[in-house]
Protein chains: 2
Amino acid sequence: MAGSKSLTGGVSNLDEMSVIEPVCAVFRRTLKGAGLKYTLERAQILDAVMRQPGLFHADELIRGLKQEGFRVSKATVYRTLKLMQDSGIIQRVLFDDDDAGRYQVVFGTSASDLLIRTDNGEATQIELPELRALCEKICARHGLTLKGHRLQVFAAPE
Amino acid sequence: MAGSKSLTGGVSNLDEMSVIEPVCAVFRRTLKGAGLKYTLERAQILDAVMRQPGLFHADELIRGLKQEGFRVSKATVYRTLKLMQDSGIIQRVLFDDDDAGRYQVVFGTSASDLLIRTDNGEATQIELPELRALCEKICARHGLTLKGHRLQVFAAPE
DNA sequence: CTTGGTGCAAACATTTTGCAGCACA
DNA sequence: TGTGCTGCAAAATGTTTGCACCAAG
């Protein structure tokens, strides 16, 4: 991770990044579909994003990238983050006050569901399979097709 | 600094809060409990908020107030909005890109649940009674007490 | 008086955009 | 050659804060 370019580049050789593979493909496909390119910077950012533990701040991400020696500008990071949203790889999350800039990886997980502790803000990804059916039901009732969902459960100890 | 700091200590039970008790009373009680005052401006803002159809933007609210002849500053509006969040009367909502500044009245409704059309951004409040039990189950599994939840269902026609 | 509230404007944090140069199809 | 990409810095949002003054207990 400290080297120069051990990225998912995809042009030729890869490293031992396994989680990233499918996401990478999705991202690339989406980009290509829009006439955009899968550049080194975008690969680096995707890589960094997938390495994030659940939730992350755009700011942290940027700092992390710089710390690892990558020279990406925040403009590019934000631009890429937006592209990733469009590709359905990540989504913005806001669960309480003052939580701007918070993102979450949603690709390859059913991780739109969060359990959030109101006492310390800690967020855990939860699994709630039954929810899917509920959402589908609601959509059907409105004559719509389910595209996704997001649940935030707030709780405290005691 | 993640958790919210409730003025009276954990308002929370939004879902079962009876519709009967006027929001005004709750707000007032909460304020008093924190040694704060229920001023004219706060009343005006609360009033305007309750008049909002579901979701609203802080910005719209401010414009609306000014248009009605009230001379409240945005600073006061934001300060009051925050107080209302702490009282559990409203909550911030972010369901997609670019939706900062969006709020929702949650008092007296089980309205943390939204059906959002991905094609035009239109948001409808939905009723999903079964969800409550699911949330409770999850909380129990983690040894926590349910404080509230928020669901966003994304869907499109076709 | 003392505590809190308000408006205003400046400050902030986050995200976006204009621009010039660069890279690759 | 053109189209897209990048970094930088400036701009644009959305929200908060410092300050001086006002209002009520």
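One can find the structure itself at the top, above this paragraph.
Engineer: I would appreciate a short explanation of the protein's contact with DNA strand D in the present structure.
Structural biologist: Taken together, 22 residues surround DNA strand D, and among them Arg42, Arg71 and Thr76 of chain A together with Tyr78 and Lys82 of chain B come closest. At 2.8 Å from a phosphate oxygen of DNA strand D is found a side-chain nitrogen or oxygen belonging to Thr39 of chain A. At 3.2 Å, a side-chain N or O of Glu41 of chain A approaches a phosphate oxygen of DNA strand D. For the surface near DNA strand D, the secondary structure elements donating two or more residues are α2 (40-51) and α4 (74-86) of chain A together with α4 (74-86) of chain B. At 5 residues, the largest contribution of residues to the surface near DNA strand D is made by α4 of chain B. Of the residues belonging to the surface near DNA strand D, the class tally is 7 nonpolar, 5 polar and 10 charged.

Engineer: Looking at this model, I keep getting lost on the relation of the copies chain B and chain A. Mind explaining?
Structural biologist: Relating one copy of the chain to the other takes a rotation about an axis and a shift parallel to that axis. If you rotate chain B by 179° and push it 0.0 Å along the axis, it lands on chain A with an RMSD of 0.2 Å. Both copies of the chain, as the preceding transformation shows, are related through a two-fold rotation axis. The C-alpha atom lying nearest the rotation axis in chain B is that of Leu151 of chain B; the distance is 2.2 Å. In this assembly, 93% of the residues forming the interface of chain B have copies in chain A that are likewise at the interface, indicating an isologous arrangement.

Engineer: What am I meant to see in α2 of chain A here?
Structural biologist: Each α-helix turn comprises 3.6 residues. Residues three or four places apart therefore point the same way. A rise of 1.5 Å per residue sets the reference length of α2 of chain A, with its 12 residues, at 16 Å; its end C-alpha atoms lie 17 Å apart and thus fit the reference within 8%. For α2 of chain A, the complete set of buried residues consists of Arg42, Ala43, Gln44, Ile45, Leu46, Asp47, Ala48, Val49 and Met50 of chain A.

Engineer: Can you help me understand the pattern of salt bridges in this one?
Structural biologist: Note on pairing: side chains with opposite charge can pair once their charged atoms come close. Per the stated rule, a full pass over the model turns up 8 salt bridges over all chains. In this structure, the salt-bridge partner of Lys137 of chain B is Glu130 of chain A, at a minimum N-O distance of 2.6 Å. With Lys137 of chain B in helix α5 (residues 129-141) and Glu130 of chain A in helix α5 (residues 129-141), this residue pair bridges two chains. Residue Lys137 of chain B is classed as partly exposed on the basis of its relative accessible area, which comes to 37%. For Glu136 of chain A, the salt bridge identified is with Arg132 of chain A, shortest N-O distance 3.6 Å.

Engineer: What's the story with α5 of chain B in this structure? I'm lost.
Structural biologist: Taken residue by residue, α5 of chain B has Leu131, Leu134, Cys135, Ile138 and Cys139 of chain B as its buried positions. Mapping the buried residues of α5 of chain B onto a view down its axis gives an arc of 135°, with all of them on the same face. Residues of α5 of chain B that are exposed and point more than 90 degrees away from the buried face comprise Pro129, Ala133, Ala140 and Arg141 of chain B. Of the surrounding secondary structure, the elements contacted by the buried residues of α5 of chain B are β4 (113-117), α5 and β6 (145-156) of chain A together with β4 (113-117) and β6 (145-156) of chain B.

Engineer: So what exactly am I meant to see when it comes to the sheet that holds β6 of chain B here?
Structural biologist: The strands making up a sheet are joined through hydrogen bonds of the backbone, oriented either antiparallel or parallel. Pairing is mixed in the open sheet, where 6 strands are placed in the order β5(A)-β4(A)-β6(A)-β6(B)-β4(B)-β5(B). Only two strands of the sheet have a single partner each, and these edge strands are β5 (123-125) of chain A together with β5 (123-125) of chain B. Adjacent strand axes in the sheet meet at a mean angle of 20° when their direction is disregarded. Here β4 of chain A pairs with β5 of chain A via 3 bridges, running antiparallel. From the neighbouring strand, Leu115 of chain A faces β5 of chain A, where its bridge partner is Thr124 of chain A. α5 of chain A contacts β4 and β6 of chain A together with β4 and β6 of chain B of the sheet and is inclined by roughly 130° relative to β6 of chain A.

Rules and cut-offs
- Residues numbered from 1 in each chain as written.
- Chains lettered and ligands numbered in written order.
- Predicted model: local features only at pLDDT ≥ 70, side-chain atom pairs only at ≥ 80, totals over all residues.
- Heavy atoms only, no water.
- Near = heavy atom within 4 Å.
- Polar contact = N/O pair within 3.5 Å; in protein donor to acceptor, adjacent residues only side chain to side chain.
- Helix = DSSP H or I, 4+ residues; strand = E, 2+ residues; numbered from the N terminus.
- Nonpolar A, V, L, I, M, F, W, Y, C, P; charged D, E, K, R; others polar.
- Least-squares fit on C-alpha atoms with pLDDT ≥ 70 in both.
- Contact = heavy atoms within 4.5 Å.
- Expected span 1.5 Å × (residues − 1).
- Buried < 20%, exposed > 50% of the residue type's maximum accessible area, 1.4 Å probe, protein only.
- Salt bridge = Lys/Arg side-chain N within 4 Å of Asp/Glu carboxyl O.
- Arc of directions from axis to C-beta.
- Pairing = 2+ DSSP bridges.
- Axes fitted to C-alpha atoms, helices over the stretch in contact; angles between N-to-C directions.

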